[in-house]
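Structural overview for review
For reference, the chains in residue letters:
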Amino acid sequence: PSNRKVIHRLASIYAKTYESARLEGILQLFEESASTVVERIDARMQLARVQLEMKDAPDEAIVSLRSVLSETTEGEDPLFFQLDYSGDLLLLIEEACLRAGSIDFAHEAYGALSKCVMGKDSKRALALRRAELFHRLGDEREALRLYQESFALDPRPGHALSQIEALAARLNDPASL
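Broken down by element type, the protein carries nine helices and zero strands. Start at the N end of the protein and walk to the C end: the helices and strands fall as α-α-α-α-α-α-α-α-α. The contacts in the protein between residues at least 6 apart in sequence include a share of 53% that link residues at least 24 apart. Approximately 9600 Å² of the protein is accessible, and the part contributed by carbon and sulfur atoms is 50%. When the 22 positive and 29 negative side-chain charges of the protein are each reduced to one mean point, those points stand 3 Å apart.

Its volume calculated, the largest pocket comes out at about 200 Å³. When contributions to the lining of the largest pocket are tallied by element, the ones reaching two or more residues are α1 (4-16), α2 (20-32) and α3 (37-54). The leading source of residues in the lining of the largest pocket is α3, at five residues. Partitioning the lining of the largest pocket into residue classes produces six nonpolar, three polar and two charged.

Applying the stated criterion to the full structure yields 16 salt bridges. Across the pair Glu 71 and Arg 44 runs a salt bridge whose closest N-O atoms are separated by 2.5 Å. You can see Glu 71 sitting in helix α4 (residues 58-73) and its partner Arg 44 sitting in helix α3, a full 27 residues away along the chain. Taking the shortest distance from any N to any O, the salt bridge between Arg 145 and Glu 149 comes out at 3.4 Å. Of the two residues, Arg 145 and Glu 149 are both situated in helix α8 (residues 140-153); the distance of four residues between them amounts to about one turn of the helix. A residue is classified by how much of its surface remains accessible, and Glu 149, at 32% relative accessible area, is partly exposed.

Moving on, we come to the side chain of Ser 150. Relative to the helices and strands, Ser 150 is located in helix α8. For Ser 150, the contacting residues outside a window of four places in its chain are Arg 124, Ala 127, Leu 128 and Ala 160.

Parameters at a glance
For every chain, the first residue of its written sequence is number 1, and the numbers climb from 1 along that sequence. Totals for whole chains, interfaces and linings use all residues, but because this is a predicted model, local features are given only for residues with pLDDT of at least 70 and pairs of side-chain atoms are given and counted only at 80 or more. Only hydrogens and water are removed before side-chain values are computed, so all heavy atoms of the structure are retained for them. Helix and strand assignments follow DSSP, with helices taken as H or I runs no shorter than four residues and strands as E runs no shorter than two, numbered in order from the N terminus. A contact between two residues is defined here by any heavy atoms of the two lying within 4.5 Å. With residues, only the protein chains shown are counted as cover, and all accessible areas are computed by Shrake-Rupley using a 1.4 Å probe. We treat Lys and Arg as the positive residues and Asp and Glu as the negative residues; His and chain ends play no part in the count. Every charge is mapped onto a representative atom, which is NZ of Lys, CZ of Arg, CG of Asp or CD of Glu. The method works on a 1 Å grid over the protein atoms by themselves. A cavity is a set of points holding a 1.4 Å probe that cannot get out, a pocket is an open set with protein on both sides within 12 Å along at least five of seven lines, and residues with an atom within 4 Å of a point line them. Grid points are joined across faces, edges and corners, and a volume is the space filled by probe spheres set on the points. Gly falls in the polar group here, along with every residue not listed as nonpolar (Ala, Val, Leu, Ile, Met, Phe, Trp, Tyr, Cys, Pro) or charged (Asp, Glu, Lys, Arg). The working definition used for a salt bridge is a side-chain nitrogen of Lys or Arg within 4 Å of a carboxyl oxygen of Asp or Glu. Only protein chains enter the area calculation, which uses a 1.4 Å probe; residues under 20% of their type maximum are buried, those over 50% are exposed, and those in between are partly exposed.

Below, the structure is given as structure tokens:
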């Protein structure tokens with residue numbers, strides 16, 4: 001089908017009946033028939049969600065999320081923070097990284113996102129989320145570096161400082177304090 005209403009209805013039916021292969025095919029049609037960048041991004045995000053949550057295929061979701069990132073973080077006026085669902089995208093990225101154990105995609109995704117961030121508070125918040133993700137992925141050295149980056153943007157006692165202290169002790173790295 002090429003009618004977007006029919007595609008949307010089929011997507012709803014396949015989602016309710018947990019027919020992930022058919023839903024994935026319909027979402028690909030939805031993406032191909034998109035008339036705007038936002039519709040295309042929305043279809044790719046839905047596809048990534050199906051790949052991650054219904055198919056338990058985080059590597060496939062990463063491919064879809066890479067496509068979303070390239071479209072939303074590049075250019076002079078990146079779309080990422082203009083999207084109503086940028087928080088959902090961030091959560092999908094983190095979940096895909098954790099399920100796939102992909103430190104490389106975590107670096108790639110947060111590298112792209114950091115180019116879009118404006119303002120000290122947003123940079124600090126993104127650095128903190130990034131540090132937490134690397135900590136959860138088991139890369140404690142990188143997490144320590146990122147917590148330090150977050151702390152440098154806002155040098156007050158809090159989560160970043162306590163994590164720096166804990167990781168410095170665990171890694172036996174007093175110089176990082």
